[in-house]
Amino acid sequence: MASHGGRGRSGGRPTLEEVAARAGVGRGTVSRVINGSPRVSDATRAAVEAAVAELGYVPNTAARALAANRTDAIALVVPEPETRFFAEPYFSDMLRGVGAELSDTEMQLLLIFAGSDRERQRLAQYLAAHRVDGVLLVSVHADDPLPDLLGQLEIPAVISGPRSAAESLTSVDSDNYGGARSAVEHLLAGGRRRVAHITGRLDVYGAQRRVDGYRDALRDAGRTADELLVEPGDFTEEGGRRAMTALLARHPDLDAVFAGSDVMAAGARQVLREAGRRIPDDVALVGYDDSAIARHMDPPLTSVRQPIEEMGRAMIDLLLTEIADRRPAVSRGLDRRRAVLPTELVVRASS
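In what follows, the accompanying structure is described. This is a predicted model, so every value here is computed, not measured. (Residues numbered from 1 in each chain as written. Predicted model: local features only at pLDDT ≥ 70, side-chain atom pairs only at ≥ 80, totals over all residues. Heavy atoms only, no water.)

## Here's the deal with the nonpolar core
- Residues Ile198, Met244, Leu254, Val257 and Phe258 are the most contacted members of the largest nonpolar core, which totals 41 residues.
- Secondary-structure elements contributing two or more residues to this core are helix H9 (176–189), strand S6 (195–199), helix H10 (205–220), helix H11 (237–250), strand S8 (256–259), helix H12 (262–274) and strand S9 (284–289).
- In terms of residue count, the dominant contributor to this core is H12 (six residues).
- When sequence neighbours within four positions are dropped, the list of residues in contact with Leu254 reads Arg194, Ala196, Leu229, Met244, Leu247, Leu248, Asp282 and Val283.
- Grouped together as the second largest cluster of nonpolar side chains are 25 residues, Met107, Ile316, Leu320 and Ile323 included. (Core = buried A, V, L, I, M, F, W, Y, C linked by side-chain atoms within 4.5 Å. Buried < 20%, exposed > 50% of the residue type's maximum accessible area, 1.4 Å probe, protein only. Helix = DSSP H or I, 4+ residues; strand = E, 2+ residues; numbered from the N terminus. Contact = heavy atoms within 4.5 Å.)

## Overview of the pattern of salt bridges
- Inspection of the entire model under this criterion finds 27 salt bridges.
- Among the ionic pairs, Arg96 bridges to Glu309, the shortest N-O distance being 3.2 Å. Taken as a pair, Arg96 in helix H6 (residues 89–102) and Glu309 in helix H14 (residues 308–324) lie far apart in primary sequence, 213 residues in all.
- Salt-bridge contacts for Asp298 lead to Arg273; the nearest nitrogen and oxygen are separated by 3.6 Å. Here Asp298 is found in the loop between helix H13 (292–296) and strand S10 (302–305), whereas its partner Arg273 is found in helix H12, with 25 residues between them in sequence.
- Exposure remark for Asp298: the relative accessible area of 48% places this residue in the partly exposed category.
- What makes Arg273 partly exposed here is its relative accessible area of 44%.
- Each of Arg181, Glu185, Asp216, Arg219 and Asp220 takes part in a single network of salt bridges with overlapping partners. (Salt bridge = Lys/Arg side-chain N within 4 Å of Asp/Glu carboxyl O.)

## Some words on H9
- The first and last C-alpha atoms of H9 sit 20 Å apart over 14 residues, in line with the 20 Å expected at 1.5 Å per residue.
- Those residues of H9 not exposed but buried are Asn176, Gly179, Ala180, Arg181, Ala183, Val184, His186, Leu187 and Leu188.
- Two residues or fewer past H9, Gly191 is found with a positive phi of approximately 90°. (Expected span 1.5 Å × (residues − 1).)

## Structural notes on the sheet that holds strand S2 (residues 108–113)
- If you walk across this open sheet you meet the six strands as S2-S1-S3-S4-S5-S11, and the pairing is parallel. Looking along the sheet, the strands with just one partner apiece sit at the ends: S2 and strand S11 (338–341). For this sheet, the mean inter-axis angle between neighbouring strands, taken without regard to orientation, is 15°.
- Note that strand S1 (residues 73–78) and S2 share six bridges and pair parallel. (Pairing = 2+ DSSP bridges. Axes fitted to C-alpha atoms, helices over the stretch in contact; angles between N-to-C directions.)

No statement about biological role is implied by the geometric values presented.
What follows is the structure in structure tokens.
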């Protein structure tokens, strides 16, 4: 067999199209292999790698980025104040998963906060200049204009937690409804009769689904969901304190609390102790996230585990696929991709 000597059919450097033809796959599949996307079968990856070796194809990162208007950069956008990002374990776990999945690629990760109007305006200008190849959106509220802006700019994007059931962007989420149900069912199985719920911000779809799971678990157990036992929180420790104070004032006979985050559960625990309530003897307490806070609380907190790092990895996986395909799935007329990861109730001494 004659050696190709690193020359394509045209006599110059082998092209991506020639590698695709040799491997019997599409150009986009070759791009995914070269960019390190996991969404390629082992057999396909082997065929592409063999074609690359046979043709002597050498990816030219700079030329490829210029020709494709690529920057080899991804933005992780957090539309929250920096203080919340650094205070809540959810964000650090998400960042850890994203970073781990990106570590074997040539992509750079930019962390961008957009918690104020000024920051959002600056971000909009930055994105309009197409300075990143794709965007990861974390902690997005229902009325946030950023997802729609990304759609208008046709920038590949993946959102952590859809804004609604009709989310147009590719999304990754955990089973918020099932997680909440498991928490309430656990409390009811332990003989608790007046189960309160401290919600997250209700402009967050995941928080809404947890409320749905709470109510349905009570209904299916033959209990009436008392709205006076539901108090809005905001995912902060202070929000948990305020909500717990209001719940005790309305329902001093409550004997269980399901908090929509471990951070809020920590705030609730402080108020319960100040009120002389023993955990779990007088009031059982369950949180959500299964963060380090849950493990180190006294008593250790029963909590619903979200696979947050895995969610970060899945977001990168989906985003790299859209980047390799050059356009967002929605602009190619494809159904939006939605990944929902399972949750798990981790039972500890607080319940």
